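Below, each chain spelled out in residue letters.
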Amino acid sequence: MRKTSFFAVMLLMMAFVSCADKDGYEKADRFGRDDFKEVRALKGKTLEFDTPILRPRDLQILDSVLVVIDYNEEKLFHLYNLNTMKKIGSRVVSGGGPNDMFRPKFVKGDSDMLCAYDLASSRIVWFDIPDFVGKEAAIVSKSVNTDNPLFGDVVMHGGKLLSCAYESDEFQLRSFDENGKSTGEMLPYPVSHISYTPDEQRDAYYMNFISDGKERIAVFYSMTDLFEVYDNTGRLLTRKHGPDCFFPIFKEVHDGDVVTSAPDDDQTRDAYFSPRSVGDKLFVLYDGDFLNDPNNDGSCSTLFVFSWDGELEMQYQLDDPIYSFNVDAKNRKIFGISKTPEYHIVEYAY
């Protein structure tokens, strides 16, 4: 009797382990908040400039100059001196002229020039930094239009430009040469116990990504707490699921001939946002709130630091939540955009 009970229990345990193994992402290691080497609270300082910042969308640090993109004024790029806390100018008119842009964002990656892209026109532009900082009428040094639409992030990587291949059913990234010509696609979608239609898959795995400039690419997903690191050939080096180990739940939606998808707000959560490559580290914001949480405003109070090998280095707790940021590694400062209670720039020393 005892022998039969023992084997029955063993079979049940094996079945449980088997189910647990299937309930996850292929080749993924799970982790929790307690697995980070260090946890540290950071106190932010609100930057008070002589001219109010309205609704900043993106920011860049050029030595002692903070450049903020704001769509709510006639010009789109606004420059502030971090030493004097004074606004020193605005650049680039909103419009369709040869030196104008519509909805720019900064291209991620190291460069001796300031690079931005415009999703509305699939155009990438380069500015000479001294010219951009010193002259009100900054002239575009170089401009290219890509032969495929840009979507999501645009990142410099080993002499190429990468952007999301949103319309692809198979790959997540598309590469372009310096003239805007497509040169290929890479990075398959992750595989889990959940099956998606192509439309569900594209939206479920909406992501942001970053490059170390030449050898590696890191992908951070926005609706599942999953991140991956790949090499230049698209070979997966590491895949980590955590700290809460949730999955995106999407449902295909049909409206006549139009097919889209929508998240299940009761089960789907916000995850990773605004990754940055800082030397040999990866900085990224983490949310974790359910989409239907009335307190979910898109801001994040947690900033994780990983190594490019996927090691869990640091967990920063921010007292002033932010939704986008950049890092001045030389002076060990984080500059973030906060909207609590109103839009402002907050500085963290780390």
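Preceding block: the structure.
Scope of this entry: the structure provided in the associated data block. Everything quoted here is computed from the prediction, not taken from an experiment.

**Points about the layout of surface pockets**
The volume enclosed by the largest pocket comes to roughly 830 Å³. Around the largest pocket sit 29 residues that line it, and Gln 60, Ile 61, Asp 110, Asn 326 and Val 327 are the ones nearest its centre. For the lining of the largest pocket, the secondary-structure elements that each account for two or more residues are strand E4 (56-62), strand E9 (113-118), strand E16 (207-211), strand E22 (272-278) and strand E26 (324-328). Of the residues belonging to the lining of the largest pocket, the class tally is 13 nonpolar, nine polar and seven charged. Its boundaries defined by the atoms lining it, the second largest pocket holds a volume of some 710 Å³. Lining the second largest pocket are 28 residues, and of these Arg 57, Lys 105, Asn 208, Phe 273 and Tyr 323 sit closest to its centre. For the lining of the second largest pocket, the elements supplying multiple residues, two or more each, are E4, strand E8 (104-106) and E22. Broken down by class, the residue content of the lining of the second largest pocket amounts to 13 nonpolar, six polar and nine charged.

**Some points on the pattern of salt bridges**
Tallied over the entire structure, the rule returns 20 salt bridges. Note that Lys 43 and Asp 319 form a salt bridge whose closest N and O atoms lie 3.8 Å from each other. Of this pair, Lys 43 sits in the loop between strand E2 (38-42) and strand E3 (45-46) while Asp 319 sits in strand E25 (residues 312-322), and the two are 276 residues apart along the sequence. Given the relative accessible area of 70%, Lys 43 is considered exposed. Overall, the relative accessible area of 44% leaves Asp 319 in the partly exposed class.

Rules used in this analysis
Residues numbered from 1 in each chain as written. Predicted model: local features only at pLDDT ≥ 70, side-chain atom pairs only at ≥ 80, totals over all residues. Heavy atoms only, no water. 1 Å grid on protein atoms, 1.4 Å probe; cavity = no way out; pocket = protein on both sides within 12 Å on 5 of 7 lines; lining within 4 Å. Points joined across faces, edges and corners; volume = space filled by probe spheres on them. Helix = DSSP H or I, 4+ residues; strand = E, 2+ residues; numbered from the N terminus. Nonpolar A, V, L, I, M, F, W, Y, C, P; charged D, E, K, R; others polar. Salt bridge = Lys/Arg side-chain N within 4 Å of Asp/Glu carboxyl O. Buried < 20%, exposed > 50% of the residue type's maximum accessible area, 1.4 Å probe, protein only.

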